[in-house]
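So the chains spell out like this:
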Amino acid sequence: MTSIDFKFFIENDSNPFIIFSSLGKIKYLNTSAEILMGSCSPKELFEIALSYAPKNFGYNKTVLDLSFSSFEFYGINVLYENEDFIGLHLYNKPMAKVDDSSLLEGYTLTNLNLLLQANIELFDINYQGKIKLLTDYDIPKLQIHQNNFSMLLRNIFSQFLENKNIEINMKIKLGERVVVKEKRYSIIILQIKGKTRKKEQDKEIELLALKNHINIHFKNFSTILEIPAIA
């Protein structure tokens, strides 16, 4: 066993793993945890580790729902064998899988940036504030139901109508893929964010997103879509 490079396996684990010092300083991050750090703070994760740490040396596995931006976890494991270091392992929710035989009915190969821009321009006609758009223009064309997706965007944009400033961010999600009809595809993350968000239509918007096989996450001040980049 001493000849096995365990660090190699931990480093390349798809589940984030972090080791903190007793003062909350990060001593080690695997690759998945490095990606996660763009969506949460070390302090937040350290506080979670302390809250669910075992009372004595050892480990404590807990099933709970955690989400940071578009990252979702179904459980954690907190480990420590001395007072100097504490480890936190987060377990990803299972990869989405879509087998609906009617999935691509009405879908068209689409430049998502152009479709997003067209909907922003329509929304901007009646919007009095400023819109900041940050997007990856290298996102490849993907199959999407343009009318349904535009309706989804219109409903989401209406949640932020009272904001003076809206931020829209679209990028490819790193480290995770969706399985559609046994094929793996990248996931596009689209986040709309303001200082306030109307929540009355959340259920209707969620049903519309799920109808289009898009995962949706509602936060206090933002709405996040996970769009399968079906080629």
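Here the structure is a predicted model, which is why all the values come from computation and not from measurement.

Trainee: Now, about the overall build of the protein: what can you tell me, with residues and values included?
Mentor: Across its full length, the protein holds six helices and 13 strands. Reported as C-alpha extents along the three principal axes, the dimensions of the protein are approximately 60 × 40 × 30 Å. Looking at the protein alone, contacts between residues at least 24 apart form 64% of all its contacts between residues at least 6 apart. Carbon and sulfur atoms form 52% of the exposed surface of the protein, whose accessible area is close to 13600 Å². Averaged over its 27 positive side-chain charges, the protein has a centre that lies 3 Å from the centre of its 27 negative ones.

Trainee: Can you break down helix H6 (residues 202-211) residue by residue, with the values?
Mentor: Restricting attention to buried positions, one finds in H6 the residues Asp202, Ile205, Leu208 and Ala209. On an axial view of H6, the arc spanned by its buried residues comes to 130°, and they lie on one face. Facing away from the buried side of H6, by more than 90 degrees, are the exposed residues Lys203, Glu204, Leu207 and Lys211. Buried residues belonging to H6 abut helix H5 (146-158) and strand E12 (215-218).

Trainee: Any chance you could break down the packing of aromatic side chains for me, citing the residues and the numbers?
Mentor: One pass over the structure, following the stated rule, counts eight aromatic pairs. Centroid distance Phe123 to Phe157: 5.1 Å. Interplanar angle 40°. Geometry classified as tilted. Here Phe157 lies in helix H5 and Phe123 lies in helix H4 (residues 112-124), a separation of 34 residues in the sequence. Per residue, the accessibility class of Phe123 equals that of Phe157, and both read buried. In this arrangement the basic side chain of Lys173 is found over the ring face of Phe71, its NZ or CZ atom lying 5.2 Å from the centre.

Trainee: Pulling in residues and values, what's your account of the side chain of Ser222?
Mentor: Summarising the element assignment, Ser222 is placed in strand E13 (residues 222-228). Leave out the neighbours within four places in its chain, and Ser222 touches Phe160, Gln191, Ile192, Lys193, Arg197 and His217.

Trainee: Pulling in residues and values, what's your account of the nonpolar core?
Mentor: Counting 29 residues, the largest nonpolar core has Phe149, Leu152, Leu190, Leu225 and Ile227 as the members making the most contacts within it. Where this core is concerned, the elements lending two or more residues are H4, strand E9 (142-144), H5, strand E10 (165-180), strand E11 (183-193), H6 and E13. Sequence-distant contacts of Leu152, defined by excluding residues within four places in its chain, comprise Ile205, Leu208, Ala209, Ile214 and Leu225. Judged by nonpolar contacts, the second largest core, of 21 residues, contains Ile18, Phe20, Phe46 and Leu90.

What counts as what
- Residues numbered from 1 in each chain as written.
- Predicted model: local features only at pLDDT ≥ 70, side-chain atom pairs only at ≥ 80, totals over all residues.
- Heavy atoms only, no water.
- Helix = DSSP H or I, 4+ residues; strand = E, 2+ residues; numbered from the N terminus.
- Contact = heavy atoms within 4.5 Å.
- Areas by Shrake-Rupley, 256 points an atom, 1.4 Å probe, with all protein chains shown as cover.
- Lys, Arg positive; Asp, Glu negative; His and termini not counted.
- Charge placed at Lys NZ, Arg CZ, Asp CG, Glu CD.
- Buried < 20%, exposed > 50% of the residue type's maximum accessible area, 1.4 Å probe, protein only.
- Arc of directions from axis to C-beta.
- Phe/Tyr/Trp six-rings, centres within 6.5 Å; stacked < 30°, edge-to-face > 60°.
- Lys NZ or Arg CZ within 6 Å of the ring centre and 35° of its normal.
- Core = buried A, V, L, I, M, F, W, Y, C linked by side-chain atoms within 4.5 Å.

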